[in-house]
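# Coordinate analysis (summary)
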Amino acid sequence: MGLLRSLSSLRSDSLDLSAKTVIMTPMVHLLLLPLLFSIAGGKDLEEKKGPFENTMLDVPEGTPVPYPMHQFQVTHPGVNNFRLSGEGREKIKISRDGWLYLEKSLDWSQEEHYTIMVEALADDEVVEGPISVIINVLDVNNNAPYFNQTDYTAVVRENKAAGVPFTRVFALDQDDPKTPNARLSYSLVSQIPNKQHTLLFQINPNTGEISTTEEGERMLKAREGIKYGRGEDQSIETLKTKFDEYCPGNNPQSIPYEANPFFTCVERAEMRRRNADPLEDPDYTLIVRVQDLGGESENALSGNARVHIVVQQNLWFSPGPIIVKENLLGNYPMVIAKVQSNDPDAIYSLVQKERELKFPFQITEDGEILLTEPLDREDKNMYILVVFAKDNNDQELEEPLEIQVIVGDVNDNAPMCEKEESVFEVQENEPVGSLVGKLLAHDIDDAETLNAQLTYTILSQNPPTTPIVFSIDAASGEIRALRSLQRKEEQAYHLSVKVSDPAFSTDCKVIIKVIDINNELPLFEKTDYGNHTLAEDTTVGHTLLTITATDADDPDSGSSLIEFHISSGNDGNVFAVETDGKGVGHLVIAKPLDYESSKDYKLQIDARNPEPLMKNLEYGRESTAFVSVSVTDVDEAPEFSLDILDVTVPENTTKGSVLLTVEAKDPEGKEIGFKLDGDTRGWLEIDAATGEIKTKDNLDRETLETFEVTVTAFEKENPEKSSERVVSVRLLDVNDNIPRLIEKQAFICVKKPEPVIIKAQDGDSEPFSKPFTFTFAHGKKTPNWDLKPIDDTAAILTLKKIPTEDKTFTLPINIKDKAGMGVTQSFEVRVCNCTELGYCYVAPADRSSRLGMGPTIGILAGTLGFCVVVFIVVIKRVNKGGKRKTLTEEEERERNVMM
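Procedures and definitions
Residues numbered from 1 in each chain as written. Predicted model: local features only at pLDDT ≥ 70, side-chain atom pairs only at ≥ 80, totals over all residues. Heavy atoms only, no water. UniProt positions renumbered as here; feature names shortened; annotations may be inferred. Pairing = 2+ DSSP bridges. Helix = DSSP H or I, 4+ residues; strand = E, 2+ residues; numbered from the N terminus. Axes fitted to C-alpha atoms, helices over the stretch in contact; angles between N-to-C directions. Salt bridge = Lys/Arg side-chain N within 4 Å of Asp/Glu carboxyl O. pLDDT = per-residue confidence, 0-100. Contact = heavy atoms within 4.5 Å. Disulfide = S-S within 2.5 Å. Buried < 20%, exposed > 50% of the residue type's maximum accessible area, 1.4 Å probe, protein only. Patch = residues over 30% accessible without salt bridge, like charges linked within 9 Å, V, L, I, M, F, W, Y side chains within 5 Å. Areas by Shrake-Rupley, 256 points an atom, 1.4 Å probe, with all protein chains shown as cover.

With an unreviewed UniProt entry as reference, the protein is termed Cadherin-17, source organism Lates calcarifer. You can read under Subcellular location (unreviewed entry) in the UniProt record for the protein the words "Cell membrane".

Structure (structure tokens):
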């Protein structure tokens, strides 16, 4: 309707809207607002309407104007205008019908927020409001990022470690840094030159730091130049001298240096290298780009810059690894390497990385690394040296260098036998070529060199035979039989074996024993050892019987050893056979017998040799024996289901709660009962029938945290048959105690006021105990007192202003434990004049008026006695002679005084 009225008004004024030029009077402007809003707003204006109340609006910067922000809808019927006050009134306007709109676009970079006040008017009188309107200007990505320089210069040395920055670029963006509009990303556009199509540099996308790539670390090379030593003058005269040293035939004496083309070429190259200007004569130029929106959008704005780089020589590099032969002959100290800093005035120092006691290295002021004494590879095969280059202020000029010094091996050690005598056994009748054993020897020289490569040779055999009976592999030391051996011919052979390296040799002793072949079976003296009876409570380890077997093989060989194995009938591995291998075995009880589980056993026991039998020979019935065992029942005590009974409960467990049910049973199935002993506090009781352990009184951890009781399970018919178990009870703390003051009184001397230490204690444990918090009651601050904690259980109370007279203060202090439990407690502080001993002074008058407990009782007792005496005297006077007489005024006064 407002729009129709506006258009009708325009028609009556004959305003030509089709004209190319329209004169916008303020009135026409206001009338066209609804139409313009609908065009400029880009959305339904209904969404921008709201009640007349405090409002917060978000408005993008740079919007086309007029831009409708919000229409206030008032409830007062007489409102016909609105009034604005506050910030931005030249840009922010309001129409008569309550439309808040922009007449000029907003710019986030100029102002992020506007706060205005709006009043609703009825004929210029405020009828509603004012209300506050906060307009948040939203940033739009309308600012391109830019570098703080268009050209950067940098210097990088050869072999600069990849990924380690040597320079950086920096860019800015005027957009909101809290939004992606100002989130910048750096990238490398191109590298000039790039002849090998390999990038030698990289840029950190987040920081703009520039570093070398792995290829750059290897491939970057500086311009060739002259090397100068420590303190050496870099003048033209020095250059001429070095030219003569390196090019002795290129400068005849008759030609001046300035006329020698070779010298002038070297001079120009050296001057160019020394005075290289990265901006004018760079080795490399990098084109770098910065983008906003993190570089992740096609709409990202960008900026560019150039980085001009000069590559400098890097004289500081590790000369290692350095190989030095052990026991090297020569004059010491001797130069083994040299380092040179890029700073000719550097001061060198050398340390050992391993920090060991022996360090036979030094470094000269010129960077020469010296070896001070011969090395021994067997003592230490490698050293790691760390070289520092520092200035006169002990500041590092270069990254520390690590140099490996490898000690080269020299054949200075003879081979050694692993044993004084190596003993091997071989069975008779073994086939030709059978392995007897491997002789072990070693050489402590470097195993990776020929110095430790050993060769084995048999020097002699005793008893001698023709041909020799054994051979040895020259490289491995494996000894093999060259023919089948018979023990009846020789029981042992002694060999002398030479073990040698290229320079030294050692003789090793070898003994080869020919052992009997296992061609005889072990035989039991009898194959049936009859029936045996055992009570089920027979102790473990009891020997039931002794069995014997014999073997006709050579008694000194493994073929005659006899082992006994129970191969069947031994359910649960209750029995075992103990033997020394000489044919005697003892059948023993290995585990407790149980009549209820197994009453009878029929054991099969086999006699076996540890050595394999001769081919085609097998064990027979003569090598097997049988034993029958019967187990008799015994009335056993009840058995608990668990050996260890532990229970942990909170100390506030309610009375009558079940802590634990003890389980036990009688092996014979008889009825059992339970009893409990050792409860000195009377806290627990047990159900005699079920084994339930309950609380019969309140538990208290502060009284006793852990305790033990004994539970007995017994047969009801035969109580002597019983078993016991110890039940361990641990009480968990609950927060049932509050922190309490240890001392409730203190004093402060006026002339020498010292803070008072307040301490508290709590009977609970973690987490219901310390640390305590100390505060004045209700959180109130006391003007003249300060209370601060000093540790977990104490606080310091400080008097700020000394009173003019002795005074006693009662301070309400709230003390809480770690869980926040606590109460307010009174703490009494007396501020007083003190004696030389540091105690409160008490004046004599005060002393007489403040009697102790003893004098007070004496005075009361004396007064009471005096009253009794007076009472008796009066009674006697009254009764004396039966006289009744009126007391005179004076007598009455006397009596009153006495009373």
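## Here we look at the sheet that holds strand 50 (residues 722-732)
With mixed pairing, the four strands of this open sheet are ordered in space as 43-50-49-46. Bordering the open sheet on either side are strand 43 (645-650) and strand 46 (672-677), each of which pairs with just one other strand. With strand direction ignored, the average angle separating the axes of adjacent strands in the sheet is 25 degrees. Bridging between strand 49 (residues 706-715) and strand 50 involves nine bridges; their strand directions are antiparallel. By the bridge assignment for strand 50, Val709 is matched with Val727.

## As for the pattern of salt bridges
Between side chains of opposite charge, a pair can form when the charged atoms approach closely. Counted according to the given criterion, the structure contains 18 salt bridges. A salt bridge links Asp606 to Arg608, with the nearest nitrogen and oxygen atoms 3.8 Å apart. Of the charged contacts in the structure, one is a salt bridge between Glu766 and Lys818, with a shortest N-O distance of 3.4 Å. With Glu766 in the loop between strand 53 (756-761) and strand 54 (773-776) and Lys818 in the loop between strand 57 (807-816) and strand 58 (822-832), this residue pair connects regions lying 52 residues apart in the sequence. Salt bridges linked by common partners bring Lys358, Glu373 and Asp379 together as one network.

## With respect to the confidence of the model for the protein
In the predicted model, the protein carries a mean pLDDT of 83, and 83% of its residues have values of at least 70. By mean pLDDT, helix 1 (residues 2-12) is the weakest element of the protein at 35, and strand 14 (residues 201-203) is the strongest at 97. In this model, residues 1-31 is a region of pLDDT below 50 whose contacts with residues beyond four sequence positions or in other chains number 16 contacts. Note on residues 880-899: pLDDT is under 50 here. Beyond four places in sequence and across chains, it has six contacts.

## With respect to the state of the cysteines
For the structure on display, the rule yields three disulfides. In this model, Cys749 is linked to Cys834 through a disulfide, with the two sulfur atoms separated by 1.9 Å. Between Cys749 and Cys834 the disulfide shows an S-S torsion of about -95 degrees. By sign, it is left-handed. On the criterion of sequence distance, the pair formed by Cys749 in strand 52 (residues 745-749) and Cys834 in the loop between strand 58 and helix 6 (844-849) is long-range, its members being 85 residues apart. Overall, Cys749 belongs to the buried group, its relative accessible area being 13%. Overall, Cys834 belongs to the partly exposed group, its relative accessible area being 24%. Here Cys832 connects covalently by a disulfide to Cys840, the sulfurs 1.8 Å from one another. Measuring the twist about the S-S bond at about -75 degrees, one finds the Cys832-Cys840 disulfide to be left-handed. Per residue, the accessibility class of Cys832 equals that of Cys840, and both read buried.

## Quick word on a nonpolar patch on the surface
Together, Tyr146, Phe170 and Leu172 make up a nonpolar patch on the protein surface, roughly 240 Å² of accessible area in all. Along the chain, Leu172 falls in strand 12 (residues 171-172). Among the residues examined, Leu172 registers a relative accessible area of 32% and is labelled partly exposed.

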